[in-house]
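Listed below are the residues making up each chain.
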Amino acid sequence: KIFQAVVSCIGGDGTIYIIPKSFETALNKLMAEIQNTFKGLGLLIPYCWKKGEACVVRGSDTVWYRAKIVEVSGSTLQVQYIDRGYIESIPQCHLYPTTFYTGIPPFCIPCQLYKTLPIGNFWQQEAVEYLQELLKNEEVEIHVKELPDNPWGKLSISLYFGGMSLSSFMAYQRYCVAEDCQDIQKLGVFEGDLSPSYLLQPLPVPGETFPVTVTHLVSPKEVYICLDSSENLKKHSATERSASRDSESLSKALKWCNKIVKTLPHLTNFKKELPCLAEYVDGLWYRAKLLSITQLVPVQILVQFVDYGTYLVAPTSRLRHIPCHLLKYPVQAVRVLLAGFRPASDDKNVERIPYSPEWSLKALWTMVDCVEGKRLSASILTVSPEVTISLYGDDKNLVHLKLIEMGLAELDQ
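The shown structure was predicted, so the numbers you read here are calculated from the model rather than taken from an experiment.

1. Considerations on the nonpolar core
- Core analysis: the biggest nonpolar cluster contains 31 residues, and Ile 16, Leu 134, Leu 135, Leu 159, Phe 161, Leu 166 and Met 170 have the highest contact counts within it.
- Broken down by element, this core gets its largest block of residues, six residues, from helix 2 (residues 125-135).
- Not counting residues within four places of it along the chain, the set of residues in contact with Ile 16 comprises Val 7, Cys 9, Ile 10, Ile 109, Pro 110, Cys 111, Leu 113, Leu 159 and Leu 166.
- Ile 225, Phe 341, Met 367 and Leu 408 belong to the second-largest nonpolar core, a separate cluster that totals 29 residues.

Next up, the structure:
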């Protein structure tokens, strides 16, 4: 069985507590009922608590939770939140004994990684802390491998985050040995010395109008677009719906990669077009490819962020190997030429684009204003030798008409 779940807690012994997404509605309903039933403080009169006894606990967030007594020691009790998994020491005044809700099974499931042996036969403190930092409150994919011998035992699972196997990743970090070596081979987590390449984005058929966003402008005529299928998904073509799903899955995978990026090796191979992860100016890491070495001492590399089209000159410290599972998503940004206009022959603006001097900087900034943050649509005219499109603004007019009105471009029939 395969299902999505949220990791609620990592136990001190490395037990992974998960709440299946399919349980969330029922859990929220139960939590609302508990809040309506129990109000105010816990039990303020003396009470003889027993190990294993059911209770409700008023947490530090002032919310009541189902729990059970794990250990009794004086005025402080150790309790386990049965729908979350974590264990905490609580003063008696924050608890209330109850037999309510004991007929409802716990919503969180204790799990262990299938055929995964921790170094030293138990999860070291450092490994447990790393698992907590990586997984707590995150949505993951669970593959059930073996059921426990008893109903209160641990479920044996394979856990995947952002398309990556947790067992393989923890083995790579040398926290454990993953007995199922096929998993590592199949995943190819860090095979950065191969010569992989990105998949290209499939395009809608010529003549069909589809929503886009412009992610980067090289010149008023040369831009990078992304297929935008975020709204009215049912109306869009299969190509656009597929692009939307890819974009969403890629975003999740990149979020996970940003969490583990310090564990990925730095690039040592600087072959042109090599896929990699690169750190942008916002401090986040994105998919990129190498274009050229711009400086030798110190080494500076020109890269292009393939999902946006933007460029960056970066030191090698900001470039890392890309996990192979990130290569299965097509590049999100497509380079296109805009049809229907050319630079104005009588444009008197002195400031020109250095790499494209036929265009003035004023024309570039005017085009930026026309497309930035706008809901645009496009229609493909030709795909060879280069992808050429007509680009329309949110008013359904061609975006380049503004440049022609201002004398910064002229019609090109």
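2. Comments concerning helix 6 (residues 361-371)
- Burial in helix 6 covers these residues: Ala 363, Leu 364, Thr 366, Met 367, Val 368, Cys 370 and Val 371.
- After helix 6 finishes, the residue Gly 373 shows a positive phi value of roughly 70 degrees.

3. As for a nonpolar patch on the surface
- Residues Ile 293, Leu 296, Val 297 and Val 299 make up a contiguous nonpolar surface patch of about 410 Å² in total accessible area.
- Along the chain, the position of Val 299 falls in the loop between strand 17 (285-295) and strand 18 (300-305).

4. Brief notes about the domain arrangement of the protein
- Under the domain assignment used here, the protein contains domain 1 (1-184), domain 2 (208-234 + 334-411) and domain 3 (265-322).
- A separation of 53 Å is found between the C-alpha centroids of domain 1 and domain 2.

5. Some remarks on the UniProt feature "domain: Tudor" (unreviewed entry) in the protein
- UniProt feature "domain: Tudor" (unreviewed entry): in the numbering of this structure it lies at residues 48-105 and 269-329.
- In this annotation, residues 48-105 is assigned 0% helix and 50% strand; the end-to-end C-alpha distance for the span is 25 Å.
- Taken end to end, residues 269-329 comprises 0% helix and 48% strand; its first and last C-alpha atoms sit 22 Å apart.

6. Examining the side chain of Ser 165
- Locating Ser 165 in the fold gives a position in strand 12 (residues 164-165).
- The class of Ser 165 is buried, set by a relative accessible area of 2%.
- At 3.4 Å, the side chain of Ser 165 forms a polar contact with the backbone nitrogen of Ser 167.
- A polar side-chain atom of Ser 165 sits 3.1 Å from the main-chain amide nitrogen of Ser 168.

7. Looking at helix 1 (residues 24-37)
- Between the first and last C-alpha of helix 1 there are 20 Å, a value that for 14 residues agrees with the 20 Å anticipated at 1.5 Å per step.
- Along helix 1, the positions that sit buried rather than exposed are Leu 27, Leu 30, Met 31 and Ile 34. One side of helix 1 carries all its buried residues, which in axial view fall inside an arc of 100 degrees. Those residues of helix 1 that are exposed and aimed more than 90 degrees away from the buried face are Thr 25, Asn 28, Lys 29 and Asn 36.
- On its buried face, helix 1 is in contact with strand 2 (16-20), strand 3 (54-58) and strand 4 (64-73).

8. Let's talk about the side chain of Ser 158
- Examined against the element boundaries, Ser 158 turns out to sit in strand 11 (residues 155-161).
- Setting aside residues up to four positions removed in sequence, Ser 158 forms contacts with Tyr 114, Glu 141, Ile 142, His 143 and Lys 145.

9. Looking at the sheet that holds strand 21 (residues 334-338)
- The strand order around the closed barrel formed by five strands is 14-15-21-26-25, and the pairing between neighbours is mixed. Each strand of the sheet is rotated relative to its neighbour by a mean of 60 degrees, with strand direction disregarded.
- Note that strand 15 (residues 222-227) and strand 21 share four bridges and pair antiparallel. Opposite Tyr 224, over in strand 21, you have Arg 335 as the bridge partner.
- Sitting on the sheet, helix 6 touches strand 14 (209-217), strand 21, strand 25 (376-382) and strand 26 (388-392), and the angle it makes with strand 14 is about 135 degrees.

Definitions and cut-offs
- Residues numbered from 1 in each chain as written.
- Predicted model: local features only at pLDDT ≥ 70, side-chain atom pairs only at ≥ 80, totals over all residues.
- Heavy atoms only, no water.
- Core = buried A, V, L, I, M, F, W, Y, C linked by side-chain atoms within 4.5 Å.
- Buried < 20%, exposed > 50% of the residue type's maximum accessible area, 1.4 Å probe, protein only.
- Helix = DSSP H or I, 4+ residues; strand = E, 2+ residues; numbered from the N terminus.
- Contact = heavy atoms within 4.5 Å.
- Patch = residues over 30% accessible without salt bridge, like charges linked within 9 Å, V, L, I, M, F, W, Y side chains within 5 Å.
- Areas by Shrake-Rupley, 256 points an atom, 1.4 Å probe, with all protein chains shown as cover.
- Salt bridge = Lys/Arg side-chain N within 4 Å of Asp/Glu carboxyl O.
- Domains from an automatic or database assignment.
- UniProt positions renumbered as here; feature names shortened; annotations may be inferred.
- Polar contact = N/O pair within 3.5 Å; in protein donor to acceptor, adjacent residues only side chain to side chain.
- Expected span 1.5 Å × (residues − 1).
- Arc of directions from axis to C-beta.
- Pairing = 2+ DSSP bridges.
- Axes fitted to C-alpha atoms, helices over the stretch in contact; angles between N-to-C directions.

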